[in-house]
Amino acid sequence: MTTPTSAGGPPVDAEAGAGVLLPGADSATSGAAVPIGARGSGQLADVWRRFRRNRLAMVGLAIVTVLILLAIIGPYVTPYNAFEQNLANTLKPPSAEHWFGTDVLGRDLFSGIIYGCRLAITVGLLTVAFSLLIGITLGAVAGFKGGAWDGVVARFIDVFLAFPPLVGAIVIVRAVGGGVTPVIVALVVLGWMTTARLTRGQVLALREAEYVEAARSIGAGNRRIVLRHILPNAIAPVLVYSFTSIGVVVVAMASLSYLGIGVPPDVPEWGRLISQATPFLRVPGMTYLWLAPALAIAITTLGFAFVADGMRDSLDPKLRGGN
Amino acid sequence: MGRFILRRVVQAVLVILAATLLIFLATFAIGDPFASSGEKAVPPDIAAANRAKFGLDKPLPLQYVIYLGNMVRGDFGIDFEQHRPVAQMLEAAIPNTVRLALVAIVIDILIGVVAGVIAAVKRYSFWDVLVTVIATLAIGIPVFVIGVVLVANVAGWGPFPSVPRSFTVQVPWYQEVLLPAFTLAIIDAAFIARLMRGSMLEVLRADYIRTARAKGLSERTVIGKHAMRNSLIPVVTYVGVSLGVLFGGAIITETIFQYNGVGYLLSTAIVKSNAPVIIAVVIFSVVAYVVLSTIVDILYAFLDPRIRLN
């Protein structure tokens, strides 16, 4: 189903050496504030400079860095065990002991949010990594081999795109079973298509490039041509897309948990915390029950989206259309 | 053009078939709904009778063929829970969902197009920055957070009902539909505003716009007629696809507002593992989505000949 909107991915110009820019994108994501220009690439320095000038992108970078740090050190700094119930101390508003208050089961919400952060970031990164693996492989095969290969991959993409994503995820999670792993499986199964499509388009365009012809003329095999020559140049827009989709994955998992699907009920997942709060939504003074998880989800999505936007703009300044 | 349409329709039918098969397999992979579980002991003969009643005693491929045959005749079987015909449940839910989708689309086209045009025409002004910032925020905030905030703060105020419709509570549909429609519209409106701004900026640079200005047309005609028409094309595409998603049931939004549409039907069926309802709703969603995106593709090819030649 080639919806016209997705027919053309973000344009990338091969001659700008998008592949060389990759490390720049990487270090931007991991939040390393080292001047990348030191590595001796003027283009990398350019990208970083453009990225740094984008205030929103820097805010996003800060958010993402904090989130990842929290995900790593989280459980060592939480004041309480996020799972520990205390039925004598339920539904307490925020206080000095419990910064975000306690939930229906008397669990400390602050610890819950931090645990949820670790879960969200882990699921987000794993899902996107697996989607990238599948999408890039299939997309590269389809784009490079063409013909029947291309046809088969295109049909697969159509079938999977035909599922309204959330509905599809629900069906898959229910088929695979409860828990976090089925959620990742479902989100990967429904998440690789755009990556494949973007990669295919890029590979298709680069297949006929002169430098690929040159590589072939000196006797490079298909495998080498794809892995060493085409993919490094094709991958930048794919990575930018997948960075945005980390936020989408976090929201998808929260939506599933909100509906009571996937993550086990006792896990303080953000969506689950919000669904737990629904009976109290209209009770005055109980905003704290859903405000913290809602903000956590919103901030996470925004953070990743800002960074992805910034990456796109700084990788391809033409897209900004600025004078 | 005829061949293009035929190809797209065949493709759509194949995709729908493949998708229904996947859903069918996935739902029945969950296991036997009538087996004893936990404290609920089911005598074997009753379980067997139940399986026979719902046709689960036959081999899976046969079940699928029978299901497809019945489906074509508008029969989706009866649900596990109350043994009601699933087709009737769908029939009751679909008009609500369609109403919600249409109201949401109208709201988001109005807001999105107006905001996008203002942002593009008054580029880099205060209004442009405002639209861009709000759009970015709205796209980043998940729909159920918006929904929850609205339920917590706005429901019960003014025309918005505080309690969802039920047997005892009567609410006119236009009051009931407002908040969920607004929730759905926020994100789409943001997307449309961005799309509109981008394509408007592009169109405004075109030669024919310069020509229109050069021959002395008023700015109003240039923007409203010449520029608007061409920059609306990507928006039309987006709206078509988004309408397809919405017709399939906005599961989260409908659940938050307990709005009796297809999405809410699905989420309640999931909680109760009501497989016949789950399958029927999912098939409906897929069909709605595929049919609408096929129509959009055909329309698009009609508007832009380059696509069908490809």
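Residues numbered from 1 in each chain as written. Chains lettered and ligands numbered in written order. Predicted model: local features only at pLDDT ≥ 70, side-chain atom pairs only at ≥ 80, totals over all residues.

Under the annotation held in an unreviewed UniProt entry, chain B carries the name ABC-type transporter, integral membrane subunit and is attributed to Pseudonocardia dioxanivorans. The Subcellular location (unreviewed entry) comment attached to chain B in UniProt states, word for word, "Cell membrane". UniProt annotates chain B under Sequence similarities (unreviewed entry) with the comment "Belongs to the binding-protein-dependent transport system permease family." (UniProt positions renumbered as here; feature names shortened; annotations may be inferred.)

Under the annotation held in an unreviewed UniProt entry, chain A carries the name ABC-type transporter, integral membrane subunit and is attributed to Pseudonocardia dioxanivorans. Per its UniProt entry, chain A bears the Sequence similarities (unreviewed entry) comment "Belongs to the binding-protein-dependent transport system permease family." Database annotation for chain A, UniProt heading Subcellular location (unreviewed entry): "Cell membrane".

This paragraph deals with the overall build of chain A. Within chain A, the secondary structure is distributed over 14 helices and 0 strands. Counting from the amino terminus, helix and strand elements in chain A follow one another as α-α-α-α-α-α-α-α-α-α-α-α-α-α. The 323 residues of chain A split such that 51% are buried. The long-range fraction of contacts in chain A, counting pairs at least 24 apart against all pairs at least 6 apart in sequence, stands at 70%. (Helix = DSSP H or I, 4+ residues; strand = E, 2+ residues; numbered from the N terminus. Buried ≥ 20, exposed ≤ 12 C-beta atoms within 10 Å, placed from the backbone. Contact = placed C-beta atoms within 7 Å.)

Turning our eyes to something else, we now look at the interface of chain B and chain A. With 43 residues of chain B at the interface, the matching set in chain A holds 37 residues. For the side of chain B that touches chain A, the secondary structure elements donating two or more residues are α1 (2–28), α5 (126–140), α6 (143–153), α10 (233–247), α11 (251–256), α12 (262–271) and α13 (275–303) of chain B.

Here we take up the packing of helix α9 (residues 193–207) of chain A against helix α11 (residues 222–234) of chain A. Residue and element names in this part refer to chain A. As a packed pair, α9 and α11 sit with axes 9 Å apart at the nearest point and diverge in direction by 125 degrees. One way to sum up the angle between α9 and α11 is to call them oblique. The handedness of the crossing between α9 and α11 comes out as right-handed. On α11, the residues touching T199, Q202, V203, L206 and R207 of α9 are I230, N233 and A234. Each residue belonging to the contact of α9 with α11 can be placed in one class, and the counts come to 4 nonpolar, 3 polar and 1 charged. (Axes fitted to C-alpha atoms, helices over the stretch in contact; angles between N-to-C directions. Parallel < 35°, antiparallel > 145°, perpendicular 65-115°, else oblique. Left-handed = near helix turned anticlockwise from the far one by under 90°. Nonpolar A, V, L, I, M, F, W, Y, C, P; charged D, E, K, R; others polar.)

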